[in-house]
Amino acid sequence: MSKLRVAVLGAKGRIGSEAVRAVEAADDMELVAALGRGDRLESLVEAGAQVAVELTTPDSVMDNLDFCVRHGIHAVVGTTGWTEDRLSRLGGWLDASPDTGVLIAPNFSIGAVLTMKFAQIAAPYFESVEVVELHHPNKVDAPSGTATRTAQLIAAARAEAGCAPQPDATATALDGARGADVDGVPVHAVRLRGLLAHQEVLLGGEGETLTIRHDSLHHSSFMPGILLGARRVVTTPGLTFGLENFLDLG
Ligand SMILES: NC(=O)c1ccc[n+]([C@@H]2O[C@H](COP(=O)([O-])OP(=O)(O)OC[C@H]3O[C@@H](n4cnc5c(N)ncnc54)[C@H](O)[C@@H]3O)[C@@H](O)[C@H]2O)c1
Ligand SMILES: O=C(O)C1=N[C@H](C(=O)O)CCC1
């Protein structure tokens with residue numbers, strides 16, 4: 001059986017360098033290109049890449065995906081910074097290249113995907129819910145893509161269940177003290193040397209609280225999800241948002 005021809009964009013970065021090693025170690029994959037900032041995207045075509053794993057920065061990801069989709073190269077994207085506007089531009093590119101697949105995964109780790117799922121299930125049963133994400137201080141965006149997605153899923157689950165807005169009597173506050181408002185869910189971002197990627201979803205009801213916590217302790221936690229994404233995206237045209245779509249979570 002021929003091997004899947006995979007390229008990594010952002011190959012010298014924290015997660016990209018780990019992805020290079022993971023692709024090289026996968027029996028069913030061949031690493032055909034490993035690009036850093038400034039490298040020519042045309043080398044993806046010259047190398048015959050079938051899938052590009054995009055792990056760069058929010059300022060680079062759109063140009064890279066524009067190129068990949070135009071050239072029929074499927075993409076697995078971990079880079080953050082997704083807005084409605086960006087998603088709609090990407091959707092337009094994919095409409096013009098209907099056989100190409102793009103997976104955007106706010107988080108590739110199974111624990112983080114399950115955290116989002118558990119939070120979605122729990123959210124309608126509690127009056128209050130807040131998200132706290134904690135990351136290494138070199139991270140350029142806040143709040144994290146995972147926390148934003150978690151808050152959006154929580155808000156959607158509460159809206160569908162007809163939940164009232166959360167109680168919050170705050171009348172005066174320093175800017176930022178109540179976090180960022182993502183669809184009505186407060187999201188707080190901590191940046192601390194020593195951490196990698198962590199998240200808590202705090203839920204509170206009358207006389208009880210529930211805390212759902214996930215910790216990524218090493219970039220290896222993201223690798224099974226990236227490899228699964230690369231295997232599945234080649235037969236899944238169009239845009240898939242969230243690794244959960246490639247998992248059977250019930
Ligand atoms: N989805 C996930 O599970 C997951 C996990 C970890 C990190 N991330 C995200 O992945 C991204 C990268 O994170 P990081 O910690 O590795 O950052 P990083 O700064 O260590 O790495 C990014 C790398 O991309 C390179 N780069 C920038 N523009 C490029 C371009 N046009 N072409 C090729 N390379 C380019 C940079 O030079 C750098 O080496 C961030 O958005 C982060 O939030 C996602
Ligand atoms: O280290 C990062 O940067 C991470 N980014 C993603 C996010 O913003 O959610 C995933 C976790 C690690």
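Conventions used here
- Residues numbered from 1 in each chain as written.
- Chains lettered and ligands numbered in written order.
- Predicted model: local features only at pLDDT ≥ 70, side-chain atom pairs only at ≥ 80, totals over all residues.
- Heavy atoms only, no water.
- UniProt positions renumbered as here; feature names shortened; annotations may be inferred.
- Helix = DSSP H or I, 4+ residues; strand = E, 2+ residues; numbered from the N terminus.
- Rg over C-alpha atoms; globule rule 2.2 N^0.38 Å.
- Buried < 20%, exposed > 50% of the residue type's maximum accessible area, 1.4 Å probe, protein only.
- Contact = heavy atoms within 4.5 Å.
- Areas by Shrake-Rupley, 256 points an atom, 1.4 Å probe, with all protein chains shown as cover.
- Lys, Arg positive; Asp, Glu negative; His and termini not counted.
- Charge placed at Lys NZ, Arg CZ, Asp CG, Glu CD.
- Near = heavy atom within 4 Å.
- Polar contact = N/O pair within 3.5 Å; in protein donor to acceptor, adjacent residues only side chain to side chain.
- 1 Å grid on protein atoms, 1.4 Å probe; cavity = no way out; pocket = protein on both sides within 12 Å on 5 of 7 lines; lining within 4 Å.
- Sits in = over half its atoms within 2 Å of the grid points.
- Nonpolar A, V, L, I, M, F, W, Y, C, P; charged D, E, K, R; others polar.

The protein appears in an unreviewed UniProt entry as 4-hydroxy-tetrahydrodipicolinate reductase from Streptomyces coeruleoprunus. Its UniProt record, at the heading Sequence similarities (unreviewed entry), says of the protein: "Belongs to the DapB family."

(A) Representation of the overall build of the protein in the model. Along the protein, the regular secondary structure elements total seven helices and eleven strands. For 250 residues, the compact-globule formula gives about 18 Å, and the C-alpha radius of gyration of the protein, at 19 Å, lands near that figure. Scored against the burial criterion, the 250 residues of the protein give a buried share of 50%. Contacts spanning at least 24 positions in sequence make up 71% of the contacts within the protein whose residues lie at least 6 apart. Per element, the accessible surface of the protein, about 12,300 Å² overall, is 52% carbon and sulfur. If you average the places of the 20 positive and of the 31 negative side-chain charges in the protein, the two averages end up 6 Å apart.

(B) Quick look at unusual backbone geometry. Note the cis peptide between A142 and P143, where omega equals -5°. With respect to the secondary-structure elements, P143 resides in the loop between β6 (128–135) and α6 (145–161). Here D183, not a glycine, exhibits a phi torsion of approximately 50°, which is positive.

(C) Molecular detail of the site of ligand 2. Neighbouring residues of ligand 2: T80, P106, N107, H135, H136, K139, D141, S144, G145, T146, A197 and F222. Measuring from an oxygen atom of ligand 2, one finds a backbone N or O atom of G145 at 2.9 Å. Here an oxygen atom of ligand 2 and a side-chain polar atom of T146 are 2.5 Å apart. For ligand 2, whose accessible area on its own is 310 Å², the fraction buried by protein is 85%. The pocket occupied by ligand 2, as judged from atoms lying within 2 Å of grid points, is the largest pocket. Broken down by class, the residue content of the shell around ligand 2 amounts to three nonpolar, seven polar and two charged.

(D) Geometry of the environment of S220. The residue S220 is located in the loop between β10 (208–216) and α7 (223–233) in this model. Judged by its relative accessible area of 38%, S220 falls in the partly exposed class. Sequence spacing of S220 and T83 is 137 residues, and the spatial spacing of their C-alpha atoms is 27 Å.

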